[in-house]
Amino acid sequence: MTHALNLVWNPSEGLDLGFFMIRYYSLMFVVAFGLGWYIMKHIFEREGESIDKLDSLFIWTVFATLIGARLGHVLFYDWEYYRNHLLEIVLPFRFEPKFEFTGFQGLASHGAAVSIIIAMYFYSKNILKRPQLWILDRVVIPVASGAIFVRLGNFFNSEIIGKETTSSFGIRFLRDQFSPRDVVNATGIANPNEAYTAIATDPKFADLLAQVPVKHPTQLYEAFCYIFVFAILFFLYWKTEARKKSGFLFGLFLVLLFTVRIIVESVKESQGGFESDLGNILSTGQWLSIPFILIGLFFAYRAKKEA
């Protein structure tokens, strides 16, 4: 017997302004980077750093996040495809079996983490003129807040979802089950958005709705947990002397965030990658999280020892 609430998730693509569509996923990224800038502004003011350096930090972080996340997905999760479609790594198009605009589908947080760390090395050396760990201890606070909104963006996109469940938290992801072409063919309604709405609300299509399994909303699980990761880092920076322990907040961030990732991955659908080559003991995301946790433990322990 199912105990799920059977919530049907069928969001619109975004905010339709008539002349322009603001997609929710893009909006969540704008919110993430905007909030991050605001948080770092107050941190720079507290530390006596020039706000002029903040603009450079913003640019470096944006590009590092997007490039690293893209390359992370390509290399860790879908290299078998992209090795034969190299142009699609940098272009938002698919050329086979037919030419179509796809956008940049596929972003991996592990890749973003690596690229941000690298970018902060060059930023601290060339612009900030402080040790790399100084900026890493502080930039992880807005990064943690940004992770919340990125996962909310995934939720709006009905992507990175969980396994089937009878949990009361389960949700029917309509757009994950049926592609726009499938939903048009199944309902006979030419407009995909209207077809999705019909399946969700019209009893005539109850048989189609019944085909949509109830799954864990793992994006919301992660977003909820990241609220606590952000709150812990924010509190420690503003209310304690933790910021004076070089590397401690950076290490703690890695441990907390990627521990959450490992736990939530246990109920997440496979995202592909190299997990099958390692016997499917852990998911690709879990394997990739382990080194980050170990690195985090090293920096956190070393910082406490030196304090």
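What counts as what
- Residues numbered from 1 in each chain as written.
- Predicted model: local features only at pLDDT ≥ 70, side-chain atom pairs only at ≥ 80, totals over all residues.
- Heavy atoms only, no water.
- Axes fitted to C-alpha atoms, helices over the stretch in contact; angles between N-to-C directions.
- Helix = DSSP H or I, 4+ residues; strand = E, 2+ residues; numbered from the N terminus.
- Parallel < 35°, antiparallel > 145°, perpendicular 65-115°, else oblique.
- Left-handed = near helix turned anticlockwise from the far one by under 90°.
- Contact = heavy atoms within 4.5 Å.
- Nonpolar A, V, L, I, M, F, W, Y, C, P; charged D, E, K, R; others polar.
- Buried < 20%, exposed > 50% of the residue type's maximum accessible area, 1.4 Å probe, protein only.
- Arc of directions from axis to C-beta.
- Polar contact = N/O pair within 3.5 Å; in protein donor to acceptor, adjacent residues only side chain to side chain.
- Phe/Tyr/Trp six-rings, centres within 6.5 Å; stacked < 30°, edge-to-face > 60°.
- Lys NZ or Arg CZ within 6 Å of the ring centre and 35° of its normal.
- Pairing = 2+ DSSP bridges.

Draft legend 1. Geometry of the packing of helix H6 (residues 132-156) against helix H11 (residues 218-239). Interaxial distance between H6 and H11 falls to 8 Å at its minimum, and their mutual angle equals 165°. By the criterion of interaxial angle, the relationship of H6 to H11 is roughly antiparallel. Between H6 and H11 lies a crossing of left-handed hand. Across from Arg138, Val140, Ile141, Ala144, Ser145, Ala147, Ile148, Arg151, Leu152, Asn154 and Phe155 in H6, the residues of H11 making contact are Gln219, Leu220, Glu222, Ala223, Tyr226, Ile227, Val229, Phe230, Leu233, Phe234 and Tyr237. Its residues assigned to classes, the contact of H6 with H11 shows 16 nonpolar, 3 polar and 3 charged.

Draft legend 2. Quick look at helix H9 (residues 192-201). Those residues of H9 lying buried are Ala195, Tyr196, Ala198 and Ile199. Buried residues in H9, looked at end-on, bunch into an arc of 160°, giving them a common side. In this structure, H9 carries Glu194 and Thr201 as exposed residues pointing more than 90 degrees from its buried face. Looking at the buried residues of H9, the elements they touch are helix H7 (174-177), helix H8 (180-187) and helix H10 (206-210). Sitting at the amino-terminal end of H9 is Asn191, which places a side-chain oxygen 2.9 Å from the backbone nitrogen of Asn193.

Draft legend 3. Examining unusual backbone geometry more closely. Its identity as a non-glycine residue notwithstanding, Lys129 has a phi of 65°, on the positive side. Within the secondary structure, Lys129 is located in the loop between helix H5 (109-128) and H6. Relative accessible area serves as the criterion here: at 62%, Lys129 is assigned to the exposed category. Within the chain, Asn280 stands out as a residue other than glycine whose phi angle is a positive 55°. Mapped onto the elements of the fold, Asn280 is located in the loop between helix H12 (248-265) and helix H13 (284-306).

Draft legend 4. Highlighting the packing of aromatic side chains. Summed over the entire model, instances satisfying the criterion amount to 18 aromatic pairs. Ring plane angle 25° and centroid distance 4.6 Å describe the contact between Tyr24 and Phe156, whose orientation is recorded as stacked. Of this pair, Tyr24 sits in helix H1 (residues 24-47) while Phe156 is found in helix H6, placing the two residues 132 residues apart along the sequence. Under the relative-accessibility criterion, Tyr24 is labelled buried at 17%. Note on Phe156: relative accessible area 24%, which makes it partly exposed. Chaining the aromatic ring pairs together yields one cluster made of Trp9, Tyr24, Phe155, Phe156 and Phe173. For Arg46, the ring lying beneath its charged end belongs to Tyr237, and the centroid distance is 5.0 Å. Geometry around Trp134 places Arg130 over its ring, the cationic atom sitting 4.2 Å from the centre.

Draft legend 5. Region of the structure containing the sheet that holds strand S6 (residues 171-173). Ordered in space as S1-S6-S7, the 3 strands form an open sheet in which the pairing is mixed. Two strands lie at the open edges of the sheet, namely strand S1 (7-9) and strand S7 (214-215), each paired on one side alone. Note that S1 and S6 share 3 bridges and pair parallel. Bridge pairing links Val8 to Arg172 in S6.

Draft legend 6. Structural context of the environment of Leu208. Along the polypeptide, Leu208 turns up in helix H10. A relative accessible area of 10% means that Leu208 is categorised as buried. Measuring from C-alpha to C-alpha, the distance between Leu208 and Arg151 comes to 28 Å, with 57 residues separating the pair along the chain. Sequence-distant contacts of Leu208, that is, excluding residues within four places in its chain, are made with Phe178, Ala186, Thr187 and Ile199.

Draft legend 7. Layout of the packing of H6 against H12. Viewed as axis vectors pointing N to C, H6 and H12 meet at an angle of 25°, and their least axial separation amounts to 7 Å. Between H6 and H12, the crossing angle belongs to the class labelled roughly parallel. Crossing hand, H6 versus H12: left-handed. In this structure, H6 uses Leu133, Leu136, Asp137, Val140, Val143, Ala144, Ala147 and Arg151 to contact H12, whose residues at the interface are Phe248, Leu249, Phe250, Phe253, Leu257 and Arg261.

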